[in-house]
Every structure is written in C-alpha cells, then in structure tokens.
Amino acid sequence: DAMVIQNPRYQVTQFGKPVTLSCSQTLNHNVMYWYQQKSSQAPKLLFHYYDKDFNNEADTPDNFQSRRPNTSFCFLDIRSPGLGDAAMYLCATSRVEAGEFADTQYFGPGTRLTVL
Amino acid sequence: AQSVTQPDIHITVSEGASLELRCNYSYGATPYLFWYVQSPGQGLQLLLKYFSGDTLVQGIKGFEAEFKRSQSSFNLRKPSVHWSDAAEYFCAVGEIGGGADGLTFGKGTHLIIQP
C-alpha cells in the first residue's frame, strides 16, 4: 500500500545534541509537510516543501531545519534540541496541481521525540 | 487568517449512543474542511472532507459531517458509537487558493466511550 513512513517511531536525544527525523512516502506526492504536536495540543505546521521549494512558517524557530533530497524523502533536523522541543513530529504529504488547493494531506504515524 | 474552534475538550458517550462533535471555523470565504482522528501515539487518519457540493459528507467508519455556511460549522456525527471510536478528533481547515499551504487545526476533542 502507498503510504507515509516515519523513522524512527521513538527518538530519545540529549539536550543540545542534534537529531534528525526521517520521512518517506510512496505516494509520489509533490508536497511534504512537517508538523509539531505537543502533548494534548493541535498539530502545528513547521514548514513544507513544494517540490524543491522550501517554505518556512514565520514562527518556526531557526533551530528547526529540513532537507528534501528527492521526491520520496524529507528530513527534519533539530540542531540543538531543548526540553521544549519534546513532542510528536508528524510528516504529511499531498499532491498540488499548479494554482489549485492541495488535495487531502496524508499523515505518517509520527515520531515521538524525548529530550533528556 | 483562518481559525478553527472545537468547543468541547472532552466528550463522554455511552457505547451505542449517538455522537456529535462540534467544529466552528473562521474564514472569509468557503473553506476546505476536514475531520481527522488520532489514536494514542499514532498519526492522523482522515475521516472525511468537504471541498464543495453536497453539504452532507460521508466518511469512513460510519461518520458523517454537515457543512453549514450560515453557522460556520462542520460538525461530525455518528449514529451509534463503538468502543473503538475512543480517540482524539481534530477538525481542520484549508485555504482556497492556498496552494500547498498547511492545514489549521482545532485543539481537538477527546472522545471517551463508556461501556
């Protein structure tokens, strides 16, 4: 089945130690998103890639970066994780035709990040 | 900017009873509306969506939702809940012409099913 895959499902890192979360998709969607979801809160969009174009949300901290080496993969890099970055990180994909609203977003299972 | 309000943080329903989860949005034109469900420790699964056309939309797992423009609402309903429906439910809105912009989510409603 076509799907969105996130690895690892659980990640533990130390305060200040860089960490990378991975997302891959078999849907051949041209847009990939990263959301942060803290406990008992709504998902919050961090940024997205529209093809190779990176789009950062205005309030996303500089500590968060992303890479998309090809259509299928997208990475979330946290350069110096703080305790406040502990959250579930959700990857989503969608297909956007030029000038149109994106179709449904399909979410991966998430990576739960713990910062010690 | 658009916003989504889910006024009920928690709802408790007896198994077999009917369910309605409320969602109100704020947006200047017709939005694109979604309901997602999230089980503990899991990602979000799409239940249903409204883009245009018939204002009553059917989704998976027996859920339906009705778009009411006059009330800026998109409430989720199910005639008879099952214990497996216990989860977090999120209403979300997307912007027409927003291209690849992300969704704006409500804060969620936690559904508890009583035996």
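Just so you know, these numbers come straight off a predicted model, no measurement behind them.

Cut-offs and rules
Residues numbered from 1 in each chain as written. Chains lettered and ligands numbered in written order. Predicted model: local features only at pLDDT ≥ 70, side-chain atom pairs only at ≥ 80, totals over all residues. Heavy atoms only, no water. Helix = DSSP H or I, 4+ residues; strand = E, 2+ residues; numbered from the N terminus. Rg over C-alpha atoms; globule rule 2.2 N^0.38 Å. Contact = heavy atoms within 4.5 Å. Areas by Shrake-Rupley, 256 points an atom, 1.4 Å probe, with all protein chains shown as cover. Lys, Arg positive; Asp, Glu negative; His and termini not counted. Charge placed at Lys NZ, Arg CZ, Asp CG, Glu CD. Disulfide = S-S within 2.5 Å. Buried < 20%, exposed > 50% of the residue type's maximum accessible area, 1.4 Å probe, protein only. Salt bridge = Lys/Arg side-chain N within 4 Å of Asp/Glu carboxyl O. Core = buried A, V, L, I, M, F, W, Y, C linked by side-chain atoms within 4.5 Å.

**Student:** What exactly am I supposed to notice about the overall build of chain B here?
**Tutor:** The secondary structure content of chain B amounts to 0 helices and 12 strands. Going residue by residue from the N terminus, the α and β elements of chain B occur as β-β-β-β-β-β-β-β-β-β-β-β. Here the C-alpha radius of gyration of chain B, 14 Å, is about what a compact globule of 115 residues would show, namely 13 Å. Dimensions of chain B, computed from C-alpha atoms along their principal axes, come out at roughly 45 × 30 × 25 Å. By sequence separation, contacts in chain B at least 24 residues apart represent 54% of the contacts at least 6 residues apart. For chain B, the computed accessible surface area is about 5,300 Å², with 49% contributed by carbon and sulfur atoms. For chain B, the distance from the average position of its 8 positive side-chain charges to the average position of its 10 negative side-chain charges is 1 Å.

**Student:** Can you help me understand the state of the cysteines in this one?
**Tutor:** Using the criterion set out here, one finds 2 disulfides over all chains in the structure. A disulfide bridge connects cysteine 23 of chain A with cysteine 91 of chain A, and the sulfur atoms are separated by 2.0 Å. Here the S-S torsion is close to -75°, and the disulfide linking cysteine 23 of chain A with cysteine 91 of chain A is therefore left-handed. Taken together, the positions of cysteine 23 of chain A in strand S3 (residues 19-25) and cysteine 91 of chain A in strand S9 (residues 87-94) put the pair 68 residues apart, joining distant regions of the chain. Residue cysteine 23 of chain B pairs covalently with cysteine 91 of chain B via a disulfide, S to S 2.0 Å. Residues cysteine 23 of chain B and cysteine 91 of chain B are joined by a disulfide whose S-S torsion is about -65°; by sign, that bridge is left-handed. Of this pair, cysteine 23 of chain B sits in the loop between strand S3 (19-21) and strand S4 (24-26) while cysteine 91 of chain B sits in strand S10 (residues 87-94), placing them 68 residues apart in sequence. There is no split in this pair, since cysteine 23 of chain B and cysteine 91 of chain B are both buried. Cysteine 91 of chain A supplies the cysteine sulfur nearest to cysteine 74 of chain A, a cysteine that is in no disulfide, at a spacing of 6.1 Å.

**Student:** Would you take a moment to explain the pattern of salt bridges for this structure?
**Tutor:** Should their charged atoms come close, side chains of opposite charge can pair. Summed over the entire model, instances satisfying the criterion amount to 6 salt bridges over all chains. A salt bridge links arginine 67 of chain A to aspartate 77 of chain A; the shortest N-O distance between them is 2.7 Å. With arginine 67 of chain A in strand S7 (residues 64-67) and aspartate 77 of chain A in strand S8 (residues 73-78), this pair connects stretches of sequence that are 10 residues apart. Residue classification places arginine 67 of chain A among the partly exposed residues on the basis of a relative accessible area of 39%. Here aspartate 85 of chain B makes a salt bridge to lysine 78 of chain B, at a shortest N to O gap of 2.8 Å. You can call aspartate 85 of chain B buried: its relative accessible area is 4%. According to the relative accessible area criterion, lysine 78 of chain B is buried, its value standing at 10%. Three or more residues joined by partner-sharing salt bridges are found here, namely Glu64, Glu66 and Arg77 of chain B.

**Student:** I'm lost on the nonpolar core in this one. Help?
**Tutor:** Across soluble globular proteins, you tend to see nonpolar side chains buried next to one another. All names here are of chain B. Core analysis: the largest hydrophobic core is formed by 26 residues, its most contacted members being Leu19, Trp35, Leu47, Leu48, Phe74, Leu76 and Tyr89. Where this core is concerned, the elements lending two or more residues are strand S2 (10-14), S3, strand S5 (32-38), strand S6 (44-50), strand S8 (64-68), strand S9 (73-78), S10 and strand S12 (109-114). When residues of this core are assigned to their parent elements, the largest contribution, 4 residues, is made by S10. Sequence-distant contacts of tyrosine 89, defined by excluding residues within four places in its chain, comprise Gln6, Leu21, Trp35, Tyr36, Val37, Leu47, Phe63, Leu76, Gly108, Thr109 and Leu111.

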